[in-house]
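Residues per chain, in single letters:
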Amino acid sequence: MHVAEILSREPGPFISVEIIPPRRGGNIQQVHSAVESLLPHRPRYINITSHAAEVVWQEQADGTFRRRVKRRSPGTFGLCAVIKYKYGIEPVPHLLCHGFTREETEDALIELHYLGVENVLALQGEEKYARPPRPDRTVNHYAVELVEQITAMNQGRYLDELTDAQPTRFCVGVAAYPEKHYQSPNLAFDIANLKRKQDAGASYAITQMFFDNRSYFEFLDKARSAGIYIPIIPGLKILTKKEQVYSLPRSFHVSIPEGLASAVLAAKGEAEVLEIGLEWAYHQAMDLLANGVRNLHFYTMLYTKPLLRLMSRLKLD
Ligand code: FAD
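Let me begin by describing the structure that accompanies this report. (Residues numbered from 1 in each chain as written. Predicted model: local features only at pLDDT ≥ 70, side-chain atom pairs only at ≥ 80, totals over all residues. Heavy atoms only, no water.)

Regarding the pairing of strand β1 (residues 14–19)
Of all 6 residues making up β1, 6 are buried, and the element is well covered by its neighbours. Covered by surrounding structure in β1 are Phe-14, Ser-16 and Glu-18 together with Ile-15, Val-17 and Ile-19, the residues of both alternating faces. Relative to strand β11 (residues 295–299), β1 runs parallel, the two sharing 5 bridges. Across the sheet, the residue bridging to Glu-18 is Tyr-299, located in β11. In the sheet, β1 pairs with strand β2 (residues 45–48) via 3 bridges, with the strands oriented parallel. (Buried < 20%, exposed > 50% of the residue type's maximum accessible area, 1.4 Å probe, protein only. Helix = DSSP H or I, 4+ residues; strand = E, 2+ residues; numbered from the N terminus. Pairing = 2+ DSSP bridges.)

A word on the pattern of salt bridges
For the coordinates displayed, the defined rule picks out 8 salt bridges. Among the salt bridges present, the one from Arg-9 reaches Glu-5, with a minimum N-O distance of 2.9 Å. Taken together, the residues span about one helical turn, with Arg-9 and Glu-5 both in helix α1 (residues 3–9) at a distance of 4 residues. Taking relative accessible area as the criterion, Arg-9 reaches 55% and is therefore assigned exposed. Residue Glu-5 is classed as partly exposed on the basis of its relative accessible area of 25%. A salt bridge links Asp-199 to Lys-195; the shortest N-O distance between them is 2.9 Å. Note that Asp-199 and Lys-195 are positioned in helix α6 (residues 187–200) at a spacing of 4 residues, about one turn of the helix. (Salt bridge = Lys/Arg side-chain N within 4 Å of Asp/Glu carboxyl O.)

Quick word on the state of the cysteines
Here the structure, examined in full by the defined rule, presents 0 disulfides. Cysteine Cys-97 shares no disulfide, and the gap to the nearest cysteine sulfur, in Cys-171, comes to 18 Å. The exposure class assigned to Cys-97 is buried, which follows from its relative accessible area of 2%. For Cys-171, which is in no disulfide, the shortest distance to another cysteine sulfur is to Cys-80 and amounts to 14 Å. (Disulfide = S-S within 2.5 Å.)

Notes on the sheet that holds strand β10 (residues 235–236)
Read across the sheet, 9 strands follow the order β9-β8-β7-β6-β5-β2-β1-β11-β10 without closing on themselves; strand pairing throughout is parallel. The open sheet has two edge strands, β9 (232–233) and β10, and neither has a second partner. Pairing analysis gives 2 bridges linking strand β8 (residues 204–207) to β9, with the strands arranged parallel. Bridging across to β9, Ala-205 finds its partner in Ile-232. Along the sheet, helix α4 (residues 102–115) makes contact with β5 (90–96) and β6 (119–123), crossing β5 at roughly 175 degrees. (Contact = heavy atoms within 4.5 Å. Axes fitted to C-alpha atoms, helices over the stretch in contact; angles between N-to-C directions.)

What to know about a negative patch on the surface
Taken together, the side chains of Glu-103, Asp-107, Glu-111, Asp-160 and Glu-161 make up a negatively charged region of the molecular surface. You can see Glu-103 is positioned in helix α4. (Patch = residues over 30% accessible without salt bridge, like charges linked within 9 Å, V, L, I, M, F, W, Y side chains within 5 Å. Areas by Shrake-Rupley, 256 points an atom, 1.4 Å probe, with all protein chains shown as cover. Lys, Arg positive; Asp, Glu negative; His and termini not counted. Charge placed at Lys NZ, Arg CZ, Asp CG, Glu CD.)

In structure tokens, the structure reads:
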């Protein structure tokens, strides 16, 4: 089922989660354990992150670029099949611009189409992965271009003109940033970008994690005023470690409210940090639900224990 359909049909409230494939050579049992632990709470869909190949573009004497590829955490598509057919949950693989040519993206979408996977989250990908300089037309530079490519395939338009090309039927989600994407000059520019992604065919957006609900509600208001009507699903993370007070802002460009940061930094040990993180997430979740949010999306990686504790308090089932 399309995520857009789940969002329109299910009265909720319900959860969805994001997991990460194990590192290259890692044990898939980690994924089974994480998903099985969540089954009692019926996550309606599970996002699976994708890690761009670290691509090195070596310029050749004739001015063209040679591409060398190394992927850290492969397996996103294989995990989709496991989640869909072993657990009966809708998988949402993340598709990236970075690290893929447009041809490779088309091939990936064909693979997913044959697997029966009908949801994807279209993203630019993390900046650390090198890419060819613009104006290289062989790759998608921004998520909006990737959304356009998927929409074209949904209309039966592949990169080459093909006779009898079968339309795919992907439901496309995209990313949104209540605190602004770090490369955007301002929030209005970023919201205009989200509007372009909607206009290109995105059916919903999932936000970057945030720890102050005001940033989400203000973002929602501004997005609606800018003509964005698609659902914008709040992404939440439960803080579990002291160093996250520094590492989350560094990696994800999000702020940690003063009250949360000072409580975590004053905590005696990891167990106390977890209690503080849980308490914060509980109040965030309750406030979102009280304000009409029906789908809470949790960033779990493969560590579901904090979410399971939170769920026992939220009692959504
Ligand atoms: P875009 O929407 O393309 O925007 C990127 C930036 O470019 C924004 O600042 C935008 O305003 C700006 N921009 C857009 N168009 C133009 C233009 N024409 N000219 C100049 N600037 C422009 N990363 C991964 O590598 N793997 C994952 O699995 C993954 N999952 C994620 C899941 C979620 C829910 C979120 C929120 C992020 C995820 N990321 C992931 C991180 C994401 O790839 C990065 O944040 C990336 O830097 C931006 O991706 P985007 O799709 O929002 O990009």
